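Notes for the structure review
So you can see what is in the structure, the chains are spelled out below.
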Amino acid sequence: MENGGAMDLGKKHGAVGALAGVPTVICGGCSVRKHLAFGGRMVRCRLPDGMLLPLLLLRCLSAASAPLCVSPDDVNLSASRPQRQQARAGHLQLRVAITTVKMAAMAAGDQHASSEVLRGLARHLNCLNEDNKSTRKRALELIKRETVDRGLSSGVLQEVFSALLKPLLKCLSDPMERCRETAIATLTEFIRCVPKPEESLPYLMPCLAQRLGEKDILEPAEELRLSAVEMLTLVVEVCGKHLAPYLNEMMNILQRTIVDPFPDVKRESCKCTVNFAQSVPEHFHMQADSLVKPLMQTIAHQHSRVRVSVIEATGAVIQHGTGKNVDDVLSHLAQRLFDDSPQVRKAVTVVVGDWLLHMRDRYSYFHKLIPLLLSSITDEIPEIRLIAADLWKQVGAQWEKENEEDIKDKLDFLFTPPPFYPPGVERPGLGCRELVVRNLGRLVPAITHDVTDWLVATRVRASQLLSVLLLHAEDYSTQHLQPLLATLYRACTDTERDVVNNCLAAAKLLGTFVPPVAFLKLLLDHVMTSSSSSRPWAPLMMLAAVLGGCPNALLKPHLEEIANTLAQPDVCQEYQQVMYLEQLLACVDVLLRQCESDCGSISLQLLQVLVTVQSLSTSPCLSEKALESAQFLCKVQGLDSVTELYSQHMGQLLYWLSASVNTWCSYTPQRLQLHIIVMQSGPVIGEFVSQLMPLLRCSLQPDKDPEMRMSVFTMLAKLLLDATNTLDSQGHFREEAERFLCDILLPNLVWHAGRTAAAARTSALSCLLALLHGGAITPGQLLCLEEKLSPLVLSALDEDSQMARLFACRSLSTILQLIGTSLHPEALNKIYPELLKRLDDSSEDVRSVALQVLGLWLSSLTGDYNPEHFTPHLQLLFQQLLLHLDDPDSSVQGRVLEVLKKGSSVHPALLKREVEAVRDTQRSPLYCDQLLQHISSLRTETTAECPE
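Heads up: these notes are all about the structure in this document. This structure is a prediction, so every number in the text was calculated from the model and none was measured.

**Observations regarding empty space enclosed by the protein**
The tally for this structure, following the rule as stated, stands at 2 cavities of 30 Å³ or more. Here the largest cavity is characterised by a volume of approximately 70 Å³. Mapped onto the lining of the largest cavity, the elements with two or more residues apiece are α6 (201-212) and α7 (222-239). When residues in the lining of the largest cavity are grouped by element, the largest group, 4 residues, is from α7. Grouping the constituent residues of the lining of the largest cavity by class yields 7 nonpolar, no polar and 3 charged.

Right, here's the structure in full:
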């Protein structure tokens, strides 16, 4: 045998082994030559069919620690095929036998080794009962060193662990913290290393439940509680379904540790919860509800990592629970969507997406879960947006697959997007759209509620979600248009700009998907009745946004209806709030942008709105925007300027104003509209003077509102100062000038008591002065009306208002310049006494102009004025002027001197006598001497001219 010869173990089929009673294995099959590797040497055995192989030999081989293998060397190829198959089966049985022998040998070896280890630990185990804490600590450390730290085989550790389990568990309640720590560490390592950790559960779980699952947790050290929970997590990982009988203990422990004061214990407990739920799902659901309360108590913890762990645990509890507690956790998860930590929001997104995909009763909660996932699609973090979008696509695809029969017709049109779809926007899948459509009726009331929440973040998220829902709902949103508009009305008045912007984006989507016939019926009615709202601009804001999303082709047939509504007095003239006017202007702008050249048919209505906005606006910026819109209205019609636009519609605009002229007052916007029209139209208004005059005549009657009359007179004064480029651009105003003066101006110059009446007379005087200065009335026309005009102007010189007196003086000055030389002497003699009174006026401006007018008066005296006949008048004039020649103000003295020099040419002898009479009474004879010298020079010139 040692020389490699064959050893014949049997000669016949079924022979009995050499040692009776020894277990044998039957090797079936034909005669095969076998090799046994023994101690590095090859042993060849001849195994006839059915030979019984004693296991004694195999034990010997194993005891010799020789590597043992059985391999075919050769097979009798002449044997039949069934014989060869039987031989191979025998080989396999032989290998199994050898493996079994080896395992038995190893077990025997492990038992021997474990016995040796336990004998070495006997003293340390006894020391665990000592009173000295150091002795106990040292014993535990030695036990750990001699077992788990030695790297023993798993089989040995299993035997040792079974013997040490109870003593170690007893040490968990040791008074010394270090002992408890070492005991937990040792137990953890044993559980990690042994092949059958589930054998320890009958003792381990009750002990942990006692330490961690009672109402009052017995373990005071938070680090040890963490270690214990980590050990429990390990137990769940390695034992898996073997923990099913200990469901009560696990739940009691997790209920307490989830709310543990130590944040790390909370996190580890949540991790353990997730693992446990996945390990025993068929049992976990029976008590899963008991974990919801502690989880919800912890979900708002100050540490973001704890919040993430709680959310993940909540996902597992609901996923593997009964589904009855979904409502209890949804509000908490919704709040976490506003968390400052992106990781928390990401966790909520993943959990909700997983529920939508895998929760058994998910169809019942679609309307509650969909808003949470879609809210994350608009998250500020790109990663969260991508995760949410991917999960949502999966949800839609899964629903589409599950309901393929119900949506078979729609699947045929899957790749046909609706016309006028928003550019640059990816259309959601059919499943996603159907999910939103089928739940929109439940989602809209929730959005309405949240969009008015007191928290800004909630309102922002709700408004963002609304846009996402409308993008999915498409034309189906028509069925919910009324509540949607009501929601948008409330949201667009929010003080947070982000909320308003999101609502405007949502309204634009409504305009894209909803037919104009549907939304205009509601919107225009709301615009007309907005006076009942505390925020009247909301319907206008929504109208502008919806029109901005509506395609031109669909909007064109409704332009006239929209424009007529906007031009209604109850709409465009009802409010002066800047916000209201801005939205009114926005509606016009969006029509111009959307329809451009098609707006020619509604040009008049749009111009009326723009005029109204400018007339009512108190913001210069808004007025400029309205003027820019008017210019854009010109552009879309191919007009070069705003004046051409007014030329196109001036007659209609004046007729529009005349319809209400009898009701005008200081509070009506029509007077302001008139101001904008005539001021911006420039020379165009000169073509329509015949239509303008009835408006002015009616609105400027003395019995009309004084403030309104002042406003109109001020406007006319501006126009009349540049009459050739405005009212008289076509020469038509001169034809109406006399009637204008008689019927409009003169009645308003008649004195009436009261400051308001005085102010109205002042504005009329300013208009008269502008009329005289602007050249819109001829001298002949003025001369015809002098008898009516002069008394009223002269009476105005006594007005209490300095401005009125000044206007009256300047008006007399202009009258004298225009018709002074044509006036009758008696008319002239009525003027100067009133002017002399103004020389004592409190206003230096009035005195100065009065002196100037007196100079013009003297210059107006022609040959018809006989100095000798009117000597008393001249004498009074000279005497009064000489009094003011002694004025303390040297500038006044100089101006008076110039006037007297003009008077010297009228009656020099009379003036000389009067000067000589007062020369000595003057404080300074300087000006009298200069005047006398001037008179002498005039007389010398006259004498020199006479001989010639």
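Past the structure itself, the notes keep going.
**A short note on unusual backbone geometry**
For residues that are not glycine, phi is negative in most cases, and the peptide bond is trans in most cases. One non-glycine residue, E474, lies in the positive phi region at around 55°. Within the fold, E474 resides in the loop between α19 (456-473) and α20 (481-491). Backbone geometry at E596 places phi at a positive 45°, although glycine is not the residue there. Note on placement: E596 falls in the loop between α27 (578-595) and α28 (603-616).

**Examining the packing of aromatic side chains**
If you walk through the whole model with that rule in mind, you get 9 aromatic pairs. Ring centres 5.0 Å apart and planes at 15° place the aromatic pair F161 and F190 in the stacked group. With F161 in helix α4 (residues 154-171) and F190 in helix α5 (residues 177-193), this pair connects stretches of sequence that are 29 residues apart. By relative accessible area, F161 is classed as buried at 3%. Relative to Y865, the ring of W857 lies with its centre 6.0 Å away and its plane at 80°, an arrangement referred to as edge-to-face. In textbook terms, an aromatic cluster arises when at least three aromatic residues are bridged by ring pairs, as seen for Y832, W857, Y865 and F870.

**Quick word on helix α23 (residues 537-549)**
Spanning 13 residues, α23 covers 19 Å between terminal C-alpha atoms, matching the ideal 18 Å at 1.5 Å per step. Judged by how many residues are buried, α23 sits mostly within the fold: 12 of 13 residues are covered. Listed as buried for α23 are W537, A538, P539, L540, M541, M542, L543, A544, A545, V546, L547 and G549. In this structure, the buried residues of α23 make contact with α20, α21 (497-513), α22 (516-528), α24 (552-555), α25 (559-567) and α27.

**So, α6**
Every α-helix carries 3.6 residues per turn, so stepping three or four residues along brings you back to the same face. Taking 1.5 Å as the rise per residue, α6 with 12 residues should run 16 Å; its terminal C-alpha atoms sit 15 Å apart, in good agreement. For α6, the full list of buried residues reads L201, L204, M205, C207, L208, A209, R211 and L212. For α6, the elements touching its buried residues are α4, α5, α7 and α8 (247-257).

**Describing the pattern of salt bridges**
Scanning the entire structure with this criterion turns up 37 salt bridges. For the salt bridge of K393 with E426, the shortest nitrogen-to-oxygen distance reads 3.7 Å. Taken together, the residues span a long stretch of sequence, with K393 in helix α16 (residues 382-402) and E426 in the loop between α17 (408-411) and α18 (430-450) at a distance of 33 residues. The class of K393 is partly exposed, set by a relative accessible area of 48%. What makes E426 exposed here is its relative accessible area of 60%. We note a salt bridge from E434 to R438, for which the minimum N-O separation is 3.2 Å. On the criterion of helical spacing, the pair formed by E434 and R438 is a turn pair, its members being 4 residues apart in helix α18. The network of salt bridges with shared partners includes R345, D379, E380 and R461.

**A word on the layout of surface pockets**
Of the voids in this model, the largest pocket is the one considered here, and its volume is about 570 Å³. Lining the largest pocket are 25 residues, and of these A334, P371, L372, A446 and D450 sit closest to its centre. If you list the elements that add at least two residues to the lining of the largest pocket, you get α13 (326-336), α15 (366-376), α18 and α19. Each residue belonging to the lining of the largest pocket can be placed in one class, and the counts come to 14 nonpolar, 6 polar and 5 charged.

Calculation rules
- Residues numbered from 1 in each chain as written.
- Predicted model: local features only at pLDDT ≥ 70, side-chain atom pairs only at ≥ 80, totals over all residues.
- Heavy atoms only, no water.
- 1 Å grid on protein atoms, 1.4 Å probe; cavity = no way out; pocket = protein on both sides within 12 Å on 5 of 7 lines; lining within 4 Å.
- Points joined across faces, edges and corners; volume = space filled by probe spheres on them.
- Helix = DSSP H or I, 4+ residues; strand = E, 2+ residues; numbered from the N terminus.
- Nonpolar A, V, L, I, M, F, W, Y, C, P; charged D, E, K, R; others polar.
- Phe/Tyr/Trp six-rings, centres within 6.5 Å; stacked < 30°, edge-to-face > 60°.
- Buried < 20%, exposed > 50% of the residue type's maximum accessible area, 1.4 Å probe, protein only.
- Expected span 1.5 Å × (residues − 1).
- Contact = heavy atoms within 4.5 Å.
- Salt bridge = Lys/Arg side-chain N within 4 Å of Asp/Glu carboxyl O.

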